[in-house]
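Chains, contacts and geometry: an overview
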Amino acid sequence: MSRIGRAPITVPSGVDVAVEGQNVTVKGPKGTLTHTVDRPISVALEDGVLSVSRPNDERENRALHGLSRSLLNNLVLGVTQGYERKLEIHGVGYRVQLKGSTLEFALGYSHPVRIEAPEGITFAVENPTRFSVQGIDKQVVGQVAANIRRLRKPDPYKGKGVRYAGEQIRRKVGKTGK
């Protein structure tokens, strides 16, 4: 059996979980998230513990077992703690500033690049070169951070661009001139 799928999910106090067939709704102090579990997988809530089970050991069911458990655990963590993705900007003249709920970037283009915060996402700017994306849905936080990074990917020659905090950029050697 899947080690991840077999592990129970303990529901902390202050979090309400409702299981209605294949739909699981998790309500906590930070908000509400809903997930629909794929068909052969079943979810049960007993005494504040969520357990995920599969009907048989077919390959597809084994794969869905661990995945479903991880997704449900992410819902519980999201409504209690939330998720955050930190990003950094490297490069002369590259910067970011927060205007309302919009991030405005100066990334070497002829115009400023503006990113609106989707529903459920908030931006925080520590200084002109460090900022973070915060929210309760792990997938949405990661996708927004990836879209921002895509605006100006880190250059392998000079290292300029938007990168995740702590990300190591593999540098290339430039031209060797005489």
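Check the entry above for the structure.
First, a word on what this report is: a plain description of the structure on this page. Everything quoted here is computed from the prediction, not taken from an experiment. (Residues numbered from 1 in each chain as written. Predicted model: local features only at pLDDT ≥ 70, side-chain atom pairs only at ≥ 80, totals over all residues. Heavy atoms only, no water.)

What follows covers the packing of aromatic side chains. Going through the model one piece at a time under the given rule, you end up with 1 aromatic pair. Here the guanidinium or amino end of Arg 85 rests over the ring plane of Tyr 164, the centre of that ring lying 4.1 Å away. (Phe/Tyr/Trp six-rings, centres within 6.5 Å; stacked < 30°, edge-to-face > 60°. Lys NZ or Arg CZ within 6 Å of the ring centre and 35° of its normal.)

Attention shifts here to the environment of Gln 143. Looking at the secondary structure, you find Gln 143 in helix 3 (residues 138–151). What makes Gln 143 partly exposed here is its relative accessible area of 39%. Separated by 26 residues in sequence, Gln 143 and Ala 117 place their C-alpha atoms 12 Å apart. (Helix = DSSP H or I, 4+ residues; strand = E, 2+ residues; numbered from the N terminus. Buried < 20%, exposed > 50% of the residue type's maximum accessible area, 1.4 Å probe, protein only.)

This paragraph deals with the environment of Glu 46. Tracing the backbone shows Glu 46 in strand 5 (residues 42–46). With 24 residues separating them along the chain, Glu 46 and Gln 22 place their C-alpha atoms 16 Å apart.

Helix length check: helix 3, at 14 residues, gives a terminal C-alpha distance of 21 Å against a target of 20 Å (1.5 Å per residue), a fit within 8%. Those residues of helix 3 that fall on the buried side of the exposure criterion are Val 141, Val 144, Ala 145, Ile 148 and Arg 149. The arc that holds every buried residue of helix 3, seen down its axis, measures 140°, which confines them to one face. Facing away from the buried side of helix 3, by more than 90 degrees, are the exposed residues Gln 139 and Arg 150. (Expected span 1.5 Å × (residues − 1). Arc of directions from axis to C-beta.)

Pairing within the open sheet is antiparallel, and its 3 strands lie in the order 8-9-10. The sheet is open, and its two borders are formed by strand 8 (95–99) and strand 10 (113–116), each paired with just one other strand. Ignoring strand direction, the axes of neighbouring strands in this sheet form an average angle of 25°. Note that strand 8 and strand 9 (residues 102–106) share 5 bridges and pair antiparallel. Bridge assignment links Gln 97 to a residue of strand 9, and that residue is Glu 104. (Pairing = 2+ DSSP bridges. Axes fitted to C-alpha atoms, helices over the stretch in contact; angles between N-to-C directions.)

Strand order in the open sheet formed by 4 strands is 11-12-7-13, with antiparallel pairing between adjacent strands. The sheet is open, and its two borders are formed by strand 11 (121–127) and strand 13 (161–164), each paired with just one other strand. Strand-to-strand, the axes of this sheet are offset by a mean angle of 25°, without reference to chain direction. As defined by bridge partners, strand 11 adjoins strand 12 (residues 130–135) across 6 bridges and the pair is classed as antiparallel.

With 22 residues, helix 2 (residues 59–80) extends 33 Å from end C-alpha to end C-alpha; this agrees with the ideal 32 Å at 1.5 Å per step. Among the residues making up helix 2, those that are buried are Asn 61, Leu 64, His 65, Gly 66, Ser 68, Arg 69, Leu 72, Leu 75, Val 76, Gly 78 and Val 79. Positive phi shows up at Gly 82, right after helix 2, with a value of about 85°.

This part covers the pattern of salt bridges. Any two side chains of opposite charge can pair, on the condition that their charged atoms come close. Using the criterion set out here, one finds 7 salt bridges in the structure. Here Arg 130 ties to Glu 88 by a salt bridge, and the two come within 2.9 Å at their closest N and O atoms. One end of the pair, Arg 130, is in strand 12; the other, Glu 88, is in strand 7 (residues 83–90), and 42 residues separate them in sequence. Judged by relative accessible area, which is 36%, Arg 130 ranks as partly exposed. Here Lys 99 ties to Glu 104 by a salt bridge, and the two come within 3.3 Å at their closest N and O atoms. A residue is classified by how much of its surface remains accessible, and Glu 104, at 11% relative accessible area, is buried. One continuous salt-bridge network, built from bridges that share partners, spans Glu 84, Lys 86 and Glu 126. (Salt bridge = Lys/Arg side-chain N within 4 Å of Asp/Glu carboxyl O.)

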